[in-house]
Amino acid sequence: MMFHITFADFKTFCLCATIEVGLDTLNAFLASGKNVHSALLIEKNGNRTELPLDAFRGPAFAQGMLQIEEQYQEVLAVRVWDYHYTTARVIRLQGNVSYAMQTAKRVEEEKKNWKRKADRLFARMDRIEEKIQLLKS
C-alpha cells in the first residue's frame with residue numbers, strides 16, 4: 001500500500017507502508033504544522049482513496065489501532081469462551097432436568113403401584129376382619 005502526500009508547495013512524499021504507519025506519518029506531518037494539500041492512499045490493485053485531512057489532526061493512529069485490535073481479540077475470545085462454556089452448562093442442565101423429569105415420572109408410577117398394593121392390602125385386612133368378626137359371633 002502506498003501513501004502519496006502532496007504539500008502546499010506541491011512537493012510530494014511517497015511512503016510504502018502498512019495502513020497504521022502511513023496514517024501515523026500523515027498525522028505527524030499535520031501535527032508538526034506542515035501544510036499538506038492532499039493525501040492519497042493507493043492500493044496494490046490501483047484503487048485510490050483521497051484521505052480527509054481534517055481527520056488527522058489528533059494523536060497517532062497506530063497505538064489506538066493496536067489497542068482496538070487487542071480489545072477486539074479479547075472480546076472475541078471471551079465471547080467464544082462464554083458461548084462454549086454457557087452452551088456446555090445449558091446442555092448439562094438440560095440433561096439434569098431430563099433426568100429429574102424421568103425420575104419424577106418413575107416415582108409417580110411407583111407411587112401408583114404402591115397405592116394399588118396398599119388398596120389390595122387394606123381390602124385383604126377388611127376381609128380378614130370380617131372373618132374374625134364372623135368367627136367371634
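Above this text is the structure in question.
This structure is a prediction, so every number in the text was calculated from the model and none was measured.

Let us now look at the pairing of strand β3 (residues 36-42). Within β3, five of the seven residues are buried, which leaves the element mostly enclosed by the surrounding structure. Across six bridges, strand β1 (residues 2-7) lies against β3 in antiparallel orientation. Within β3, the position partnered with M2 by the bridge is I42. Pairing between β3 and strand β4 (residues 48-50): three bridges, direction antiparallel. Its bridge partner lying in β4, L40 is registered against E50. From the end of β3 to the start of β4, which pair antiparallel, there are five residues, and G46 there has a positive phi angle of about 95°.

Looking now at the side chain of T6. Looking at where T6 falls in the secondary structure, it is placed in strand β1. Those residues within four positions of T6 in sequence are excluded, and the remaining contacts are K11, T12, V36, H37 and S38.

Conventions used here
- Residue positions within a chain follow its written sequence, with the count starting from 1.
- Totals for whole chains, interfaces and linings use every residue, but because this is a predicted model, local features are given only for residues with pLDDT of at least 70 and side-chain atom pairs only at 80 or more, for both listing and counting.
- In computing side-chain values, all of the structure's heavy atoms are included and hydrogens and water are not.
- Type-normalised accessible area, obtained with a 1.4 Å probe on protein chains alone, sets the label of each residue: buried when under 20%, exposed when over 50%, and partly exposed for intermediate values.
- Only DSSP runs of H or I with at least four residues qualify as helices, and only runs of E with at least two residues qualify as strands; both kinds are numbered from the N terminus onward.
- Pairing between two strands requires that DSSP report at least two bridges joining them.
- Note on contacts: a residue pair is in contact if any heavy atoms of the two residues lie within 4.5 Å.

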